[in-house]
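Now for the letters of each chain:
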Amino acid sequence: MSPISTSRHARLALIALLVGGIAIGGSPIFVRLSEVGPMATAFWRVSLALLPFLLISRITRQRDETPSGLRDYFFLLLPGVFLAVDLAAWHLSLHMTSVANATLLANLAPVFVTLGSWLIFRTRITPIFLTGLALALAGVIVLKGGPAAIGGGQLAGDATAIVAAIFYAGYMLSLGHVRSRFSTLRIMVWTTFSAAVCMLPLAFFFEGDMIPVTLFGWAMVLGLAFISHVGGQGLVTYALAYLPTAFSSLTLLLQPVVAAILAWVLLGEPVGAMQAVGGLIVLAGILVARRG
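Residues numbered from 1 in each chain as written. Predicted model: local features only at pLDDT ≥ 70, side-chain atom pairs only at ≥ 80, totals over all residues. Heavy atoms only, no water.

A short note on the nonpolar core
Alright, step 1. Counting 57 residues, the largest nonpolar core has Leu108 and Met199 as the members making the most contacts within it.
Alright, step 2. In terms of residue count, helix H3 (residues 38-59) provides more of this core than any other element does, 10 residues in total.
Alright, step 3. Beyond its immediate stretch of four places on either side in the chain, Met199 contacts Met39, Ala42, Phe43, Val46, Ala84 and Ala88.
Alright, step 4. Judged by nonpolar contacts, the second largest core, of 14 residues, contains Phe30, Val31, Met220 and Ala259. (Core = buried A, V, L, I, M, F, W, Y, C linked by side-chain atoms within 4.5 Å. Buried < 20%, exposed > 50% of the residue type's maximum accessible area, 1.4 Å probe, protein only. Helix = DSSP H or I, 4+ residues; strand = E, 2+ residues; numbered from the N terminus. Contact = heavy atoms within 4.5 Å.)

Below is the structure:
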């Protein structure tokens, strides 16, 4: 591939990354306005998203490598397992704490991407990364209102959002592993299928009431599936083919900003001064950590 072609693909990938991050950033609003529970909403998110992925894969010709053997299928299914746990934890956190808090803390994933790279690939961790990590943790404490407020009633929701961040980091790392061999579409079909299979028993046994009863309810799960998952995750996965995984994880920084603005406009959730300062410190810590 020529340098000009490579540069053009890199620019398109960056645009896809930004648009994908914005599309995913709107997903908390769909979750909060959904008529069904957080697990059922997560199930509809991935199961409905599977339909367009399957349809497109049927009418387009895949030119990438085809999977061969159990090992290939395992690695194609693995990101969906991480995604299912991430979605379950994040959707729960959105009902346990504010949209701004849940989205911001779930987007600590870039830090966990680097920690995962260190644990799995023995990537060196620099003092700059440790400084950024300390800054992000300090920002979380400020976000909660200082040390005296760290035991507040929303602590469980915030902790659940951090669990979501850990599993989203696993999703990003496992996507990066398979993206060098398989196409975006093939990966999204297998990953979305795997996530739907994992989410179905969780939604059925823990919530039971899985079917939206109004057109508005269906509009929320359809918007979540087609805008946030098909559009958002698909564009981010496409960008991973041309941009480093660690850099691509920075698209998560867009999501808390988009989510906080939409929650303020649509849900009436104001962002207080302490919360805004804490959020900025967390974002700054993530940026510093990624530079390391």
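Let's talk about the packing of aromatic side chains
Alright, step 1. The tally for this structure, following the rule as stated, stands at 7 aromatic pairs.
Alright, step 2. Ring geometry for Trp44 against Trp218: centres 5.1 Å apart, planes inclined by 70 degrees, an arrangement best described as edge-to-face. Linking Trp44 in helix H3 with Trp218 in helix H10 (residues 215-239), this pair joins segments that are 174 residues apart in sequence.
Alright, step 3. Judged by relative accessible area, which is 14%, Trp44 ranks as buried.
Alright, step 4. We classify Trp218 as partly exposed; its relative accessible area is 27%.
Alright, step 5. Aromatic side chains Tyr168 and Tyr171 sit 5.3 Å apart centroid to centroid with 55 degrees between the ring planes, which places their arrangement in the tilted category. Of this pair, Tyr168 and Tyr171 both sit in helix H8 (residues 155-179), separated by 3 residues, roughly a single helical turn. Like Tyr168, the residue Tyr171 is buried in the burial classification.
Alright, step 6. Three or more aromatic residues joined by ring pairs make a cluster, and in this case those are Phe43, Trp44 and Trp218. (Phe/Tyr/Trp six-rings, centres within 6.5 Å; stacked < 30°, edge-to-face > 60°.)

Let's talk about helix H5 (residues 99-106)
What sets the pattern is the α-helix's 3.6 residues per turn: residues three or four places apart point alike.
Alright, step 1. Within H5, 8 of the 8 residues are buried, which leaves it mostly tucked inside the rest of the structure.
Alright, step 2. Of the positions making up H5, those classed as buried are Val99, Ala100, Asn101, Ala102, Thr103, Leu104, Leu105 and Ala106.
Alright, step 3. Residue Ser98 occupies the N-cap position of H5, its side-chain oxygen lying 3.0 Å from the main-chain nitrogen of Asn101. (Polar contact = N/O pair within 3.5 Å; in protein donor to acceptor, adjacent residues only side chain to side chain.)

Looking at the pattern of salt bridges
Alright, step 1. Following the criterion strictly, the structure yields 2 salt bridges and no others.
Alright, step 2. As a salt-bridge pair, Arg32 and Glu269 come within 2.8 Å of each other at their nearest N and O atoms. Pair noted here: Arg32 is in helix H2 (residues 27-33) and Glu269 is in the loop between helix H12 (254-267) and helix H13 (273-291), with a separation of 237 residues, a long-range link.
Alright, step 3. The exposure class assigned to Arg32 is partly exposed, which follows from its relative accessible area of 29%.
Alright, step 4. Relative accessible area serves as the criterion here: at 16%, Glu269 is assigned to the buried category.
Alright, step 5. Its salt-bridge partner being Arg181, residue Asp72 comes within 2.8 Å of it at the nearest N-O pair. Here Asp72, found in helix H4 (residues 70-94), pairs with Arg181, found in the loop between H8 and helix H9 (184-206); they are 109 residues apart in sequence, far enough to count as distant.
Alright, step 6. Overall, Asp72 belongs to the buried group, its relative accessible area being 7%. (Salt bridge = Lys/Arg side-chain N within 4 Å of Asp/Glu carboxyl O.)

Digging into the environment of Leu115
Alright, step 1. Along the chain, Leu115 falls in helix H6 (residues 109-121).
Alright, step 2. Of the residues examined, Leu115 reaches a relative accessible area of 23% and is grouped as partly exposed.
Alright, step 3. Sequence separation between Leu115 and Ile166 is 51 residues, and the spatial gap between their C-alpha atoms is 9.8 Å.
Alright, step 4. Discounting chain neighbours no more than four positions away, the residues touching Leu115 are Ile125 and Phe129.

Observations concerning H9
Alright, step 1. Taking 1.5 Å of rise per residue, 23 residues should cover 33 Å, and H9 covers 32 Å from first to last C-alpha, within 8% of that figure.
Alright, step 2. At Met199, H9 shows its maximal bend, which comes to roughly 25 degrees, and the proline Pro201 appears one to four places after that position.
Alright, step 3. Remark: Gly208 follows H9 within two positions and exhibits a positive phi of approximately 80 degrees. (Expected span 1.5 Å × (residues − 1). Bend = angle between axes of the 7 residues up to and from the residue.)

By themselves, these figures tell us nothing about what the structure is for.
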